[in-house]
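# Examination of the molecular architecture
Each chain is listed here by its residues.
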Amino acid sequence: MNSVNPIKRGYLYLEAWFNYSFGPEWNPLYHLGTLTFFFFWVVLVSGIYLFIFFDTSLGGAYASVEYLTHEQWYLGGVMRSLHRYASDAAIMTILLHMFREFALDRYRGFRWYSWVTGVPTLWFVITLGITGYWLVWDELGLYIAVLSSLLMDALPIVSGSMASNFLEGQLTDRFFTLMGFLHLLGQPVLLVFVLWIHVKRLSHVEISAPRGLAIGSFLALLALSLASPAVSHAPADLRKVPAELNLDWFYLNIYPLLDTLTAGQTWMITIGITFFLMLMPWLPRKKTGEAAKVHLDECNGCGQCAVDCPFDAIRVQARTDNARWEFEVAVDDGLCAACGICVGSCHSSNPFRRSNKSLETGIDMPQFPIDEVRTRTGEALAELQGDDKVLVIGCEHALDVEQFKTQNVAVLNLICTGMMPPTLVEYALKQGADGVFVTGCRKGDCYYRYGNVWMDKRFEGLRKPVLRERADRSRIRVYRAAETDQKKLLKELAGFQRHLADTRPEKTGANRA
Amino acid sequence: MLSPKRLVLQIFNYGIFMALVWYFSFAPPYIRLDPDQAMITLSISHAGELVADCRQLSPEELAKLPPNMRLGTSCDRERSPVDLEISLDGDSVFRTTAEPPGLYKDQGVDIYHSIKVPTGTKQMLVKMNDNIRVKGPTFTHEQEITLEPAQLLTIQFSTSTGQFVVK
């Protein structure tokens with residue numbers, strides 16, 4: 001527990017607080033991506049409404065926004081406020097999303113792609129917000145227009161001075177209409193494309209926030225919109241400089257830099273930060289384990305591993321070995337996260353098979369083959385002494401279970417608990433364990449996205465391969481725990497052992513075998 | 001079913017989140033100009049004079065050229081940098097030298113710069129040199145200006161009239 005770095009520890013406490021407040025199903029920290037998508041939906045719907053009344057001309061833009069804000073405050077004003085606050089909330093959730101991946105070390109190794117494509121996504125969202133503020137054409141809009149133009153003028157691709165367009169007598173509707181087109185169509189379409197790239201290497205991508213969380217977030221946005229409606233600055237006046245500006249710091253934080261730095265220096269800082277963020281997955285690099293290997297002799301091509309793979313690394317293809325099966329699976333090493341979830345999906349991973357010889361399965365992890373999992377399980381159980389013997393099964397990315405090893409508690413650390421075929425639990429019970437205690441990443445969270453989700457579903461009989469009905473559930477306990485949950489887990493484990501003691505065959509007359 | 005305790009906790013958490021969203025959506029305010037400041041923005045698009053006059057080619061030089069290229073003169077494309085200085089009451093508040101862009105330094109320069117200045121009445125002098133062969137300014141403009149708080153005074157240059165336009 002002491003090895004947990006302070007950032008991760010702080011994050012895990014925050015996550016625990018939200019679990020306490022919302023429960024794992026609605027914990028916003030587990031749904032930052034889908035919550036961002038939800039805020040985008042609010043922005044889109046409110047934006048469409050605003051567009052109906054918005055005048056895209058230089059002379060009419062401000063007046064149309066004022067009409068919406070004041071005369072039609074009950075709907076147009078609320079829509080405008082929702083549009084603004086949902087946009088700001090989206091930046092908050094994106095920043096939290098980035099912080100979470102960083103704190104939990106989920107941005108390096110096989111995750112480099114999502115991180116690297118996420119950074120420009122943030123900039124796309126910010127530029128979308130900038131053009132939005134521009135369109136209001138108040139003092140703030142003018143300020144943004146002039147300084148954005150200065151930034152553009154500093155690029156060698158732009159000839160002439162774009163900023164000079166915003167001097168009195170120079171500005172025309174054409175330029176303003178271009179901004180309208182960018183904000184209303186060009187940038188949103190581009191953003192959808194960028195988001196698609198961002199999630200390209202994932203499977204089972206969720207873009208809908210849980211209903212309860214979505215409703216709560218919307219009500220909170222609505223309450224804020226009614227309590228403090230978004231308003232404009234004074235109308236843009238090309239002969240005046242706004243002395244005081246109420247900047248939206250989520251989107252416009254870069255502009256004050258231009259009052260002290262040149263546009264070139266501001267670009268250098270922005271590009272520097274961007275490159276630093278994009279290089280972070282290699283500072284230092286994190287090695288991903290060896291990719292899963294398919295053993296065609298044991299693979300019947302059922303495709304369950306391909307369905308379960310959270311990283312879209314397994315595909316089903318036509319058989320290449322003339323076996324009697326129609327299909328086989330193949331692993332894309334470049335996409336494989338080496339989580340081992342596919343091993344847990346494979347029916348051939350059943351440890352009761354080939355008891356006298358090496359256990360081979362259809363798809364296996366070279367660094368921790370299923371045969372070794374079975375062997376270690378047997379060895380660990382063989383060392384146990386006393387009553388109420390428990391096998392604790394954990395994973396490499398949650399609370400380290402080694403510390404719970406005692407005379408009557410054996411431990412088995414898997415890459416991910418999703419790697420565990422449900423039959424391994426039955427096997428452990430058959431081999432002498434009185435109970436099996438499964439832990440791993442917290443409920444609602446998994447280092448490999450779906451490992452604990454699939455495992456729970458397999459135990460509940462909702463996903464193949466299922467834990468059989470005959471397995472004695474009273475001797476199986478699942479309790480998820482992060483690195484900071486040591487005390488809670490110890491308490492739960494002690495409770496489980498007490499339960500096993502209370503249900504010993506000599507007390508109940510039952511036969512555990 | 002949501003328990004009352006969770007409901008209260010969730011309202012509290014949403015409240016914190018929305019308070020942060022609300023506050024940073026407009027605060028803290030950014031003070032761009034002090035109450036006693038105005039701004040002068042200089043926006044000039046102007047091409048400097050050619051660095052050298054056109055030169056008459058000698059008969060030998062003409063003979064080396066293809067017949068259809070035998071114009072009598074050769075003109076260097078490079079233009080002069082543009083020097084600009086603004087003074088208020090005799091104090092220089094802005095000075096720059098803009099090199100002409102382009103591979104052959106043959107294009108016009110664009111200067112756009114804003115300066116924060118104190119309000120009040122001042123004697124403004126704008127000097128520009130666009131010819132490297134001339135010492136001292138080639139264009140000047142002197143004017144008494146009165147700047148109000150938050151006023152934006154723009155200085156432009158009309159190449160056709162050769163005069164500064166102050167608005």
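About the criteria used
- Residues numbered from 1 in each chain as written.
- Chains lettered and ligands numbered in written order.
- Predicted model: local features only at pLDDT ≥ 70, side-chain atom pairs only at ≥ 80, totals over all residues.
- Helix = DSSP H or I, 4+ residues; strand = E, 2+ residues; numbered from the N terminus.
- Buried ≥ 20, exposed ≤ 12 C-beta atoms within 10 Å, placed from the backbone.
- Contact = placed C-beta atoms within 7 Å.
- Axes fitted to C-alpha atoms, helices over the stretch in contact; angles between N-to-C directions.
- Parallel < 35°, antiparallel > 145°, perpendicular 65-115°, else oblique.
- Nonpolar A, V, L, I, M, F, W, Y, C, P; charged D, E, K, R; others polar.
- Pairing = 2+ DSSP bridges.
- Domains from an automatic or database assignment.
- Core = buried A, V, L, I, M, F, W, Y, C linked by C-beta atoms within 7 Å.
- Left-handed = near helix turned anticlockwise from the far one by under 90°.

### Points about the overall build of chain A
When its secondary structure is counted, chain A shows 16 helices and nine strands. The C-alpha extent of chain A, read off along each of the three principal axes, is 95 × 50 × 40 Å. The buried share of chain A, reckoned over its 513 residues, is 43%. The long-range share in chain A, meaning contacts at least 24 apart out of those at least 6 apart in sequence, stands at 72%.

### A look at the packing of helix H6 (residues 139-153) of chain A against helix H9 (residues 263-279) of chain A
Residues and elements named next belong to chain A. Packing of H6 against H9 leaves a shortest axis separation of 8 Å and a crossing angle of 80 degrees. Classified by the angle their axes make, H6 and H9 are roughly perpendicular. Each of Leu 150, Leu 151 and Asp 153 in H6 lies in contact with H9, whose residues at this interface are Ala 263, Thr 266 and Trp 267. In the contact of H6 with H9, the residues fall into four nonpolar, one polar and one charged.

### Some remarks on the pairing of strand E10 (residues 152-158) of chain B
All names here are of chain B. Within E10, six of the seven residues are buried, which leaves the element mostly enclosed by the surrounding structure. Alignment of E10 against strand E11 (residues 163-166), held across four bridges, turns out to be antiparallel. Across the sheet, the residue bridging to Gln 156 is Val 165, located in E11. Once E10 ends, the chain turns through four residues before running back antiparallel as E11, passing Gly 162 with a positive phi of about 70 degrees.

### Quick word on the interface of chain A and chain B
Taken residue by residue, the interface counts 33 residues in chain A and 30 residues in chain B. Broken down by secondary-structure element, the contributors of at least two residues to the side of chain A that touches chain B are helix H1 (6-22), helix H4 (73-103), H6, helix H8 (211-227) and strand E1 (244-245) of chain A. Per-element accounting of the side of chain A that touches chain B gives the leading share, five residues, to H4 of chain A. The residue makeup of the side of chain A that touches chain B, split by class, is 17 nonpolar, seven polar and nine charged.

### Quick notes on the domain arrangement of chain B
By domain assignment, chain B separates into domain 1 (1-30) and domain 2 (32-49 + 80-166). Measuring from the centre of the C-alpha atoms in domain 1 of chain B to the corresponding centre in domain 2 of chain B gives 50 Å.

### A word on the sheet that holds strand E2 (residues 37-46) of chain B
All names here are of chain B. Spatially, the four strands line up as an open sheet ordered E7-E2-E10-E11, and their pairing is mixed. Edge positions in the open sheet fall to strand E7 (109-118) and E11, since each of these has one partner strand only. The mean angle between the axes of side-by-side strands here comes to 15 degrees, regardless of whether they run parallel or antiparallel.

### Some remarks on the environment of Arg 95 of chain B
Residues and elements named next belong to chain B. You can see Arg 95 is positioned in strand E6 (residues 91-98). Here Arg 95 falls in the exposed class, since 11 other C-beta atoms lie within 10 Å of it. Separated by 78 residues in the primary sequence, Arg 95 and Phe 17 have C-alpha atoms spaced 48 Å apart.

### Re the nonpolar core
Residues and elements named next belong to chain A. Counting residues in hydrophobic clusters, the biggest one holds 88 residues, and the most contacted among them are Phe 39, Ala 86, Ala 90 and Ile 144. For this core, the element with the most residues is H4, which contributes nine residues. With residues up to four places along the chain from it excluded, the contact list for Ile 144 reads Ile 130, Tyr 133, Trp 134, Leu 252 and Tyr 255.

### Quick word on the domain arrangement of chain A
All names here are of chain A. Per the domain assignment, the segments making up chain A are domain 1 (31-279) and domain 2 (293-508). On the side of domain 2, eight residues touch domain 1, which itself brings six residues to the contact. For the side of domain 1 that touches domain 2, the per-class residue count stands at two nonpolar, two polar and two charged.

### Quick word on unusual backbone geometry
Residue and element names in this part refer to chain A. Of the consecutive residues Leu 283 and Pro 284, the connecting peptide bond is found in the cis state with omega at -10 degrees. Tracing the chain through its elements places Pro 284 in the loop between H9 and strand E2 (293-294). The linkage connecting Lys 464 with the following residue, Pro 465, adopts the cis geometry, with an omega of -10 degrees. Locating Pro 465 in the fold gives a position in the loop between helix H14 (451-459) and strand E9 (476-478).

### Focus: the sheet that holds strand E7 (residues 409-414) of chain A
Residue and element names in this part refer to chain A. Spatially, E7-E6-E8-E9 is the arrangement adopted by the four strands of the open sheet, whose pairing is parallel. This sheet does not close on itself; its edge strands, each paired only once, are E7 and E9. Along the sheet, successive strands turn relative to each other by an average axial angle of 15 degrees, direction set aside. The pairing of strand E6 (residues 390-395) with strand E8 (residues 435-438) spans four bridges and is parallel. The residue of E8 that forms the bridge with Val 392 is Phe 437.

### What about the packing of H8 of chain A against helix H1 (residues 4-24) of chain B?
Each pair of packed helices can be summarised by the angle the axes make with each other and by the distance between the axes. Taken N-terminus to C-terminus, the directions of H8 of chain A and H1 of chain B make an angle of 50 degrees; their axes are 10 Å apart at the nearest point. Comparing the axis directions of H8 of chain A and H1 of chain B gives the class oblique. When you trace H8 of chain A past H1 of chain B, the crossing you get is right-handed. Residues Gly 216, Ala 220 and Leu 224 of chain A of H8 of chain A form the contact with H1 of chain B, whose own contacting residues are Gln 10, Tyr 14, Phe 17, Met 18, Val 21 and Trp 22 of chain B. Class assignment of the residues belonging to the contact of H8 of chain A with H1 of chain B gives a composition of seven nonpolar, two polar and no charged.

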